[in-house]
Amino acid sequence: MTKKKLQILIIILLGITIFTCEKDESESVGSVHGVILSNGIKVDGVSIILGATDQTTSDSQGYYSFNNIKAKTYQIKISKAGYVPILENITIRGEDNLVKDFEIIKIAAPVVYTGSILNVTQTSANVKGNIASLGSGYPGTVEYGHCWSTTAMPTINNSKTELGIPNSTGEYQSSIAGLEGNTQYYVRAYIKIGTVVFYGNEFEFNTKAYPPEIINFNPKFGPIGTRVEITGNHFSTTISENTVKFGDFTAEIESATENVLVVKVPYVYMAQKLNITVTIEDSTDASNDFFDIWFPWLQKSSQSSKTFDAASFVMDGFGFVIGSNSLYMLKYNPIYDSWENNLSLPENSGKKPFAFNSGSKVFALLETSFWEYNTLTNIWKKRKNFTGSLQTDRRYNFNFSLDGKLYIGNCYKTYELWEYDIVTDLWKRKADFIGNFDTSNPVWGNYTFALGQKGFLGISQTAFGINTLWEYNSTQDAWVSRTPIPSNAYNLYASFIINDEAYVGLGQNFEWGDGYVSNTLWKYKHVTDEWIKLQNSPINMSVYTSFSINNRGYVLPMYTKFNTKLNDVWEFNPLMN
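Source: prediction; values computed, not measured.

Caption draft 1: Geometry of the sheet that holds strand 41 (residues 466–473). Sheet architecture is open: 4 strands sit in the order 39-40-41-42, paired in antiparallel fashion. The sheet is open, and its two edges are formed by strand 39 (445–451) and strand 42 (478–482), each paired on a single side. For this sheet, the mean inter-axis angle between neighbouring strands, taken without regard to orientation, is 25 degrees.

The following block contains the structure:
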C-alpha cells in the first residue's frame, strides 16, 4: 500500500470514530424525585403518574422517585382519595436530577347548622344559621343562606336567601318573606361551593295565624248543649287550634273551617248572657252580641225549716210541706218565693207522714189518723182511718194517687197494697207488691210517682245503687217490672211530675268523689220505658221532699257534699234544659 492511501484510510476511520462518540440529545435520560406533603405533613400512598406509563406511590415518608427517564416534558398527575388532585407539566433534561415536592390539599366539606326561628309573623320570619367550617378543597365560588318550603327537606331549588360570599365562620341570619299565614314551613341553612351544595339540619315552624274575626252566630239563645254556628274569617281548620268560650266557659268544637265553627254551648251553673270569643294562638276576637244561655236550675230563697221523711203536696199554685214529728205545715209561694210556716196540723205528723193529691182534694196520713185538708179554709176533716198495717219504719212504705183513688203500701218484708176510695171513704186491699225484698235482699231507699192509670215504685238496694222499677196498673190490679233509673243514688231522691213525665234523681250515693251525694237528674218516659239524662244540678244534694208547680219542679235539699247542710230551694225548668 502506498503512503498516500494509508493517510486517507486513517482520516476516514478517525471520522467514523468521532461521529459515533457524540451523544444524541433526544435519547438522553434524567430523574425526578421529591416528597408529597399536605399542610406540611408527609403523605403516603399517593399515586404519582408521569406521562402515559410511568407510575409510582409515595412511601411512608411521602417520598417518590422516577429514574432513567428520557429527557422531555411530561404531564404529572398527583392523586389520593380525599385530596384535591394535582395535574401539571414538568420538564426533565438529560443527566438532570430534578427535585420536585408537591403540596396536596385535603378535601373537607363545609359544615353549616340551621339555627333558631325568630320574629315569626303571618308572612315573615328570621332564621339563624351558623357556619362551623368553610371546608377546603372544593373549587368554585362560595355562597350561603337559607332555603325553605312547605314540604320537608327543602333545597335551593325552592325559595332561598342569597347572602353572598361568607367572610368567615360564625353565626348569620336570613330574613325570609312571602310566607302564608297559619302554615307549616321547613327551613335549612346551606353553603354552595361551585356546583356542590351542603345543607344544615332541618327546622320546622308555623307562621302565625291571621287574627280570627267573628261576624255572626246563630242561634242567639238556648240551653246547655245547643249547637251554635259561628261565622267569620281566619278560623283554623284544625279544631284543636281554635278555642271558643262563652264568657269564661270553654265550648266543645264539633267542626271547623276557615269561615265556620260549629260548637256546643258549654255547661254553666246558672242562666246568663255571655259573649262568645274565638282565640287562635295569642289573638282573640269577641262577638258583638250576647248568647242567652238557658239553664234549668235556679236557686231560690232559703227554707224556713226542714226535716227528714217529709211529705208534700200542691194545691192552688202553692206547695205544702209536712215535716216529721211536727205540729205545723209549711206553705211555699213560688211567685213571691216566700214561705208561710204557721199552718197547724190536726195532730202530730209522726215519724213519716204521707200526703196525697187527688183533683181538688188533699189527704194526709199522719201519726195515728187519716185526714182531708181544705186549703182554702185551712180546715182538717177526719176520714176513715187506714185499716191496713204499715211497717214500723215508715221509710219502707210508699204512696201515690191514681184516678181519684189513693194507694199506700209496704215494699220491705211485708208487701200489702191498699186503695182508698174518696167517694165511699173506704179502704180496700189490692194486689201485693211483688218485689219480695227482705233481710237477705234489703231495701235502702225508694221513690214513687204516678202517670195516668199507673203508679211507679223505684227501689234501690245497697249503697251502690242497684235499682229496680215497678209499675202498678190500677185497672188490672197487677205489678210488672220496668227499666230502672240509671242513677248511682240509693236514697233521699227528688221525684216530681211535669206534663205527664216523671223527673227523678239527686239523692245520697256512695261515691266519695261526689261527696256521697248525686247531682244527676233523669226524666222517665213511660210510653217508651226509657230514662233520659238532664242537666246536672249546680250542686250535689240529697232531698227531703220535692214537688212541681206550674210546670216547674221544686227541690228542697237536705245536704250537699260530705253532710254539709243546705237551706236553699232549687227550681227546675225543663224548658230551659
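Caption draft 2: Fine view of the layout of surface pockets. For the largest pocket, the calculated volume is near 1,400 Å³. Considering the residues around the largest pocket, the lining is formed by 48 residues, among which Ser-312, Asn-399, Thr-448, Ser-495 and Ser-546 are closest to the centre. When contributions to the lining of the largest pocket are tallied by element, the ones reaching two or more residues are strand 27 (311–315), strand 31 (354–358), strand 35 (397–402), strand 39, strand 44 (494–498) and strand 49 (542–549). Considering every element that reaches the lining of the largest pocket, the biggest residue donor is strand 39, with 7 residues. Tallied by class, the residues present in the lining of the largest pocket amount to 27 nonpolar, 17 polar and 4 charged.

Caption draft 3: Structural view of the pairing of strand 42. Direction of pairing for strand 41 relative to strand 42: antiparallel, over a ladder of 5 bridges. Directly across from Trp-470, in strand 42, lies its bridge partner Ser-481.

Caption draft 4: Representation of the pattern of salt bridges within the structure. For the coordinates displayed, the defined rule picks out 18 salt bridges. Residues Glu-571 and Lys-300 are paired through a salt bridge, measuring 3.9 Å at the closest nitrogen-oxygen approach. Taken as a pair, Glu-571 in strand 52 (residues 568–572) and Lys-300 in strand 26 (residues 297–302) lie far apart in primary sequence, 271 residues in all. One exposure class covers both Glu-571 and Lys-300, and it is buried. Salt bridges here are not isolated pairs; linked through shared partners, they connect Lys-361, Glu-372, Arg-383 and Asp-425.

Caption draft 5: Representation of the packing of aromatic side chains. Inspection of every chain in the model, using the stated rule, returns 50 aromatic pairs. Between the aromatic rings of Phe-217 and Phe-291, the centroid separation amounts to 6.3 Å while the plane-to-plane angle is 45 degrees, which identifies the pairing as tilted. Within this pair, whereas Phe-217 is found in strand 17 (residues 213–218), its partner Phe-291 is found in strand 25 (residues 283–294), the two being separated by 74 residues in sequence. Relative to Trp-427, the ring of Phe-370 has its centre 5.1 Å away and its plane inclined at 65 degrees; by these criteria the two rings are edge-to-face. Of this pair, Phe-370 sits in strand 33 (residues 370–374) while Trp-427 sits in strand 38 (residues 426–430), and the two are 57 residues apart along the sequence. Summarising the burial analysis for this pair, Phe-370 and Trp-427 share the class buried. Sitting above the plane of the Tyr-199 ring, Arg-188 keeps its charged end 4.1 Å from the centroid. The positively charged end of Lys-331 is found above the aromatic ring belonging to Phe-318, 4.2 Å away from the centroid.

Caption draft 6: Quick peek at the environment of Val-112. Turning to its location among the elements, Val-112 is positioned in strand 10 (residues 111–118). Note on Val-112: relative accessible area 6%, which makes it buried. Sequence separation between Val-112 and Pro-223 is 111 residues; the distance between their C-alpha atoms is 59 Å. Each residue touching Val-112, except ones within four places of it in the same chain, is listed here: Asn-130, Ile-131, Tyr-172, Ala-189, Tyr-190, Ile-191, Phe-198, Tyr-199, Gly-200 and Asn-201.

Caption draft 7: Quick peek at the pairing of strand 35. In terms of burial, strand 35 is largely enclosed, as 5 of its 6 residues are buried. Sheet analysis places strand 35 next to strand 36 (residues 405–410), joined by 6 bridges and oriented antiparallel. Paired with Phe-400 across the bridge in strand 36 is Tyr-407. Between strand 35 and the antiparallel strand that follows it, strand 36, lie 2 residues; Asp-403 among them carries a positive phi value of about 50 degrees.

What counts, and at which threshold
- Residues numbered from 1 in each chain as written.
- Predicted model: local features only at pLDDT ≥ 70, side-chain atom pairs only at ≥ 80, totals over all residues.
- Heavy atoms only, no water.
- Pairing = 2+ DSSP bridges.
- Helix = DSSP H or I, 4+ residues; strand = E, 2+ residues; numbered from the N terminus.
- Axes fitted to C-alpha atoms, helices over the stretch in contact; angles between N-to-C directions.
- 1 Å grid on protein atoms, 1.4 Å probe; cavity = no way out; pocket = protein on both sides within 12 Å on 5 of 7 lines; lining within 4 Å.
- Points joined across faces, edges and corners; volume = space filled by probe spheres on them.
- Nonpolar A, V, L, I, M, F, W, Y, C, P; charged D, E, K, R; others polar.
- Salt bridge = Lys/Arg side-chain N within 4 Å of Asp/Glu carboxyl O.
- Buried < 20%, exposed > 50% of the residue type's maximum accessible area, 1.4 Å probe, protein only.
- Phe/Tyr/Trp six-rings, centres within 6.5 Å; stacked < 30°, edge-to-face > 60°.
- Lys NZ or Arg CZ within 6 Å of the ring centre and 35° of its normal.
- Contact = heavy atoms within 4.5 Å.

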